[in-house]
Every structure is written in C-alpha cells, then in structure tokens.
Amino acid sequence: MNIPNSLTLFRIVLIPVLVALFYWPEAHTYFLTAAVFAVAAGTDWLDGYLARKLGQSTALGAFLDPVADKLMVAVALALLIERYDAAWFTIPALIIIGREIVISALREWMAELGKRTSVAVSYLGKIKTTAQMVAIFGWLLVSPDSDGYLYYANIICLYTAAVLTLWSMVIYLHAAWPDLRDTASN
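Per chain, residues are indexed from 1 in the order of the written sequence. Given that this is a predicted model, residues contribute local features only at a pLDDT of at least 70 and side-chain atom pairs are listed and counted only at 80 or more, while totals for whole chains, interfaces and linings are drawn from all residues. The side-chain figures draw on all heavy atoms in the structure; neither hydrogens nor water molecules are used.

Student: Give me the overall build of the protein chain: which residues, what numbers.
Tutor: When helices and strands are tallied, the protein chain shows six helices and zero strands. Runs of H or I in DSSP of at least four residues are treated as helices and runs of E of at least two as strands, each being numbered from the N terminus. Tracing the protein chain from N to C terminus, the helices and strands come up as α-α-α-α-α-α. Overall size of the protein chain, expressed as C-alpha extent along the three principal axes, is 55 × 40 × 25 Å. Under the scheme applied here, a residue whose accessible area is under 20% of the maximum for its type counts as buried, over 50% as exposed, and between as partly exposed, the area being computed with a 1.4 Å probe on protein chains only. A total of 186 residues make up the protein chain; the buried ones form 41% of that total. It only takes one pair of heavy atoms within 4.5 Å for two residues to be counted as in contact. Taking the contacts inside the protein chain whose residues are at least 6 apart along the sequence as the reference set, 77% of them involve residues at least 24 apart. With an accessible surface of roughly 10000 Å², the protein chain has 71% of that area assigned to carbon and sulfur atoms. Averaging the coordinates of the 12 positive side-chain charges in the protein chain and doing the same for the 14 negative ones gives two points 11 Å apart. All accessible areas in this document rest on Shrake-Rupley with a 1.4 Å probe, and a residue is counted as covered only by the protein chains that are shown. Neither His nor the chain ends contribute to the count of charged residues, in which Lys and Arg are positive and Asp and Glu negative. A single reference atom marks each charge: NZ on Lys, CZ on Arg, CG on Asp, CD on Glu.

Here it is, written out as structure tokens:
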C-alpha cells in the first residue's frame, strides 16, 4: 500500500460521507457536501500526480483509481438527480453516467484483447473529468431554489461536461472501432 493507493481508497471512503452529508437535515450541508466532493476531486488529481512523481504506479492503483472516480461521479449525480428532479438535469447526468459505464466496459474488453492502450485516457478525457468535477461541485454547493449567476454557471458547466463526455466517448469508440469490427466478424 503506497500513498497514491491510500489516497484512492480515501476517495472511496468519502463516498458514504458525501451521501450522509447530502441527507443531513441542516442548512449548511450544501457547503459541507460540496467540500467533501472537492476533497475527493483533489485526491483524484493528487494520487495520479504522486504515482507518476514517486514512481508508485501499481496494478491495484490502475484498477482502483477509475473505479473510485466513476463511483464518486455516479453517486454524486444520482443524489443530484433526486435533488433537482427535472429532465433538464437528469438527461445530462444520465449521459455522463452512461458514458462512464460504456467506456469502462470498453476498456475492460479491450484489455482482454490485449489492446488496452487503444482506449487509454486521453487529454480530452482529463478535460472532461475536470468539467464533470466542476459541474458536480457547483450543483452540490447550491440549493434547488437558488437563482443567480452561480446557478446559471452550473447549468453551463453541466451541459459542457455532458457534451465533452459524449465527444470523448466518440473518440474512444472511434479508436477502438477497428478492433471492435474485427472481433465482431470473427
């Protein structure tokens, strides 16, 4: 167990904390929930940075890191779907969650074919993740009855994240298409 893997496990442990704070019946929980999510998002960046900087990349970390990321994003979006209970929020949130499932399955399948590098994380994937984290943080921070600049900035962030999510999925599928086509014809 090294520092990057410990940070990844810490991010997973923060998920039930996020859920508990989300349902805590106090007014200040919006800030606390957003703060927990921000800490988790920060550990996502930090564990990857430390793994590279300290030369502590491991097979366990390569497995756990994307699992922790997807769990945190999916759980937070599921909570927010309940909070906002509207198609304008649910549709982009489901696009994000659905893409994460599709790409995770694609990576697993490509790994079985020995071609995982065909669907390695791209720079666009990193931008997509940042957009998702910013959008989720913003929505956790505000109450459903909020109005004003932050509310509308959150809408822009959410839809930007959804578009980047779809765009990156198309890029991953395009990169994997030759292998998908070859496997389908066998």
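Student: Residue-level account of the UniProt feature "transmembrane region" (unreviewed entry) in the protein chain, with values.
Tutor: UniProt positions are given in the numbering used here, feature names are shortened, and annotations may be inferred rather than shown by experiment. Annotation from UniProt places "transmembrane region" (unreviewed entry) at residues 7-24, 87-106, 127-143 and 149-173. Within the segment residues 7-24, helix and strand shares are 94% and 0% respectively, and the terminal C-alpha atoms sit 25 Å apart. For residues 87-106, helix accounts for 100% and strand for 0%, while the C-alpha atoms at its two ends are 28 Å apart.

Student: So what about the pattern of salt bridges? Which residues, and what values?
Tutor: What counts as a salt bridge is simple: a side-chain nitrogen of Lys or Arg found within 4 Å of a carboxyl oxygen of Asp or Glu. Applying the stated rule across the entire model yields seven salt bridges. Close ionic contact of R11 with D44 constitutes a salt bridge, the shortest N to O distance being 3.8 Å. Of this pair, R11 sits in helix α1 (residues 3-23) while D44 sits in helix α2 (residues 29-53), placing them 33 residues apart in sequence. With respect to class, R11 is no different from D44; both count as buried. R99 is the salt-bridge partner of E100, the closest N and O atoms lying 3.1 Å from each other. Both residues of the pair, E100 and R99, belong to the buried class.

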